[in-house]
Amino acid sequence: MLTDMEKAAQVFTGLCPSFQRSYSSVSGLNIDKLLEEWRGRRKLVQSSLRYQEPLLNLYRVLLTIAKNHIPEQTKKIDYEIVTCWLQSAKLARKSGHQQRAYSCLLEASVLNIPETFVEKSKWHWNKNEQEQAINILQKGIQEHFPDVSQFKNNPSQKQKEAAACAKATLMLAKYSEESAVLESNALILMYRDVVAIQPEWEEGHFHLAKYYDRVMTTLEKSEKKSEVIVHMVQCYGRSLQYGCRHLFHSMPRMLSLWFDLGTQVVEHQKSKKPPQYLEQWERMLNVMTTKVIPNFVEKLPPYLFYTAFSQLISRICHSHPGISLQLQVCIEIDIIARLLVSYSQQVMWMIMTVSKSSYQMRRQRCLEIFNKANKVKPELSKFINDATCLADQLLDLCNKKVETIKPLSINQHMRSLPRLITERDFSQILLPVQSVMTVTLPSKMGSECGHNPFPQTPVYIQGFEDTIEILPSLQRPKKITIRGSDGNKYPMMCKPKDDLRKDCRLMEFTNLVNKCLKEDPEARKRQLYIRTYAVIPLNEECGLVEWVSNLNGLRQILNKIYKEKGLFTSGRELQSMAPANGAPLETKMEAYKKNFLPHFPPVFSEWFLTTFLDPTAWYLARLAYCRTTAVMSMVGYVLGLGDRHGENLLMDSSCGDTVHVDFNCLFNKGETFDCPERVPFRLTHNMVEAMGPLGYEGIFRKACEVTMKVMRNQKEALMSVLKPFVYDPLVEWSKSTKSLRSVSLDSGEINNEKALIHVRDIEQRLKGVVRSKLKGQGLPLSIEGQVNYLIQEATDEKLLCQMYVGWAAYM
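Read on for an overview of the structure. (Residues numbered from 1 in each chain as written. Predicted model: local features only at pLDDT ≥ 70, side-chain atom pairs only at ≥ 80, totals over all residues. Heavy atoms only, no water.)

Considerations on the packing of aromatic side chains
This structure, assessed with the given rule, holds 20 aromatic pairs. Ring geometry for Phe608 against Tyr625: centres 5.2 Å apart, planes inclined by 50°, an arrangement best described as tilted. With Phe608 in helix H31 (residues 605-611) and Tyr625 in helix H32 (residues 615-639), this residue pair connects regions lying 17 residues apart in the sequence. Each of the two residues, Phe608 as well as Tyr625, counts as buried. Every member of this aromatic cluster is reached through a ring pair, and the members are Phe604, Trp607, Phe608, Phe612 and Tyr625. Residue placement shows Arg682 over the ring face of Trp807; its charged tip is 4.4 Å from the ring centre. (Phe/Tyr/Trp six-rings, centres within 6.5 Å; stacked < 30°, edge-to-face > 60°. Helix = DSSP H or I, 4+ residues; strand = E, 2+ residues; numbered from the N terminus. Buried < 20%, exposed > 50% of the residue type's maximum accessible area, 1.4 Å probe, protein only. Lys NZ or Arg CZ within 6 Å of the ring centre and 35° of its normal.)

Structure representation (structure tokens):
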């Protein structure tokens, strides 16, 4: 603020006599540059009332004084003062201070500018005065933009007015849709007007596509439906041409519509009585496959397609012969081959699991991708061959049988691995850690051209440390240490006999949740996030997992404290205390309260006291623990994540974060166990006690509510990451009953009914519908109601006492 005052003194000479002498010789700053600088600086300040309002107040005071010294600039200064009042009104409205927002709007009304009626409409909408909000928008548009055709006919003229008109019209369309005051044709025309007024605006195309999407669900399978699908794909594609704010919704949805239309055409062709509209659907599919999609493949930068790579690779065996041919010749294969040429280091790790698939057709298609990429860039041939050889060696290491947990030597037991890396002409292969596998998107519109999506300095595999640590769990995973080209050492875990595609998809999902949490002011203020790490499936049964340092298992921490207190209980004693699976609830409850809880008093808070000795570090660690536990509890519930026993919940001894590992038990699989899981997530008495005197009230509950709100708001984008599961079946699903699984023998395309059920269940949870095996399904709850219900379920002793003894509900 002091700096802003100094800069103002440079421009407004005469503002303060003591500054006149100091700044009379300074040139190069004028009022336009000053205002632009203020706007830029304010963007760097946290967008909350507490931090922004003092700045806005200062600007208003300085500008009011400046009016007396620069009378010729009065009009410009008045506009800037009104803009500051509108900013204050917006901040107050978003913070829930409606009266304060209204006072700011009254001050802003001195100038009748378009932004004022838009903000006034938002204020009324916030107060649930929907009719008044719509009326204000309609009158404002008629008053300020009586002739909308001037923008449609010549959009390059009057850009500022066109942008304001488009924004107001889009808001009117959204409010009319939400309050259901207009029929669908009128709404479609209104959304089209937005696109016509400002054709190069991402929001207009995106919301038109979203409304088409909503309309499509009401249409019966008819000729019209296929036309609507083509319009939607075009709108989603155009929205991606002008920005990437809605990338994680637009791209997966655009691809899904194309693939699903092809699948539906195949189903109709195979039916005994093909519908009359089949010919129209085939024609629309042909238009999309030969014109619409190739157009966007050509115009959109490749890294946008990279964000939907899992979806692309899961559909390389599409069941429609026409699409399949197009895929092989020029469309999707071209997208993937293009990605392989553009980002060969990252894509090669992601495509590895398909190149070693147990389905021959998928392997064959992957080979075709490699061949096409080699034709475009011949030097890739050596790189692909070397990367495949390295993956084979790592698979051998994963599957190597070991009887004991004594460390092994790479040079003795896996000689071919270091020998391969040290070959003179061996290609540089990227170290697959999360930081270099994640796309960095452009920060503003128009900067897509020439944007580098992987700006980090690449780190290549230089060699391996000799020691292989054998971890003590059942499948004997191995911990290896890779030497990077930057001189650092990177530990990785080679995990056998575990389909890591689920973990990989979950990491994609959690990365998207993290992105959504960063964009939400409430979540950002609380620093809500999920700890993620790289997961690289090498085939359907093995893979690499990035090692996270400083982690200790919850069970390991608690057992250590119990041993120090002389309260340790052996596994044999626990088994003797546990009632039989089929025992009545009263018996289990009695055993839980009288046998287990007295042996396991809540002691987890002591770990924070002994690990974080500085009071500030202790407080921040406990905050981090509450928040990371809350975020993952909500995400885990939505995904049906089970098996959250003490070894799968790890604590970071450097900062207090909770880190979850082993996502094999997804989609409520825990409910199918011999001893079914009853609770939605782990929130045992030890975990509650470590949260402080308020327990799960306060920090934990509020973080849960904010996380659930963000996930509900971003439901469509989050679902788009999960839907590829349907066409990329997991090994255990492949072995399930044939009635739940259909495979196209001609193409290798797989459709899994079980996966469709899981996807629908997740959608229900994101709508607030709570369901349990015993109580059935209820009506949707509010965010607060859903969070309260889940916390009550997670801490209910009647449910905890029925959990499997190895899950350790008593710890």
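So, the layout of surface pockets
Estimates place the volume of the second largest pocket at around 1,200 Å³. Together, 37 residues line the second largest pocket, and Ser473, Met493, Glu647, Asn648 and Val661 are the ones closest to its centre. Among the secondary structure elements, those contributing two or more residues to the lining of the second largest pocket are strand S5 (489-495), strand S7 (543-546), strand S8 (551-553) and helix H28 (554-564). If one sorts the elements of the lining of the second largest pocket by residue count, S8 sits on top with three residues. Broken down by class, the residue content of the lining of the second largest pocket amounts to 17 nonpolar, 10 polar and 10 charged. (1 Å grid on protein atoms, 1.4 Å probe; cavity = no way out; pocket = protein on both sides within 12 Å on 5 of 7 lines; lining within 4 Å. Points joined across faces, edges and corners; volume = space filled by probe spheres on them. Nonpolar A, V, L, I, M, F, W, Y, C, P; charged D, E, K, R; others polar.)

Observations concerning the pairing of S7
For S5 and S7, the ladder comprises four bridges, and the chain directions are antiparallel. Note on S7: the bridge partner recorded for Met493 is Val545. Both strand S6 (residues 535-537) and S7 contribute to a ladder of three bridges, which runs antiparallel. Its bridge partner lying in S7, Ile536 is registered against Leu544. (Pairing = 2+ DSSP bridges.)

What to know about empty space enclosed by the protein
Think of a ball as big as a water molecule: rolled over the atoms, this probe shows where empty space is left. One pass over the structure, following the stated rule, counts three cavities of 30 Å³ or more. Considered as a void within the structure, the largest cavity measures approximately 70 Å³ in volume. Along the wall of the largest cavity there are 13 residues; nearest its centre are Met632, Ser633, His660, Phe681 and Arg682. Per-element accounting of the lining of the largest cavity gives the leading share, five residues, to H32. For the lining of the largest cavity, the per-class residue count stands at seven nonpolar, four polar and two charged.

Some words on the nonpolar core
Grouped together as the largest cluster of nonpolar side chains are 130 residues, with contacts concentrated most on Met251, Trp349, Leu390 and Phe464. Beyond its immediate sequence surroundings of up to four residues, Met251 is in contact with Leu240, Leu300, Leu304, Phe305, Thr307 and Ala308. Core analysis: the next-biggest nonpolar cluster, separate from the first, contains 90 residues, Ala621, Tyr625, Val679 and Ile762 among them. (Core = buried A, V, L, I, M, F, W, Y, C linked by side-chain atoms within 4.5 Å. Contact = heavy atoms within 4.5 Å.)

Some details on the pairing of strand S3 (residues 467-470)
Taking every second residue as pointing to the same face, the buried face of S3 carries Ile468 and Ile470, while none of Thr467 and Glu469 on the other face is buried. As defined by bridge partners, strand S1 (residues 408-409) adjoins S3 across two bridges and the pair is classed as antiparallel. The residue of S3 that forms the bridge with Leu408 is Ile468. Examined bridge by bridge, S3 and strand S4 (residues 478-484) share two bridges and lie antiparallel to one another. Each residue of the ladder has a partner; that of Ile470, found in S4, is Lys478.

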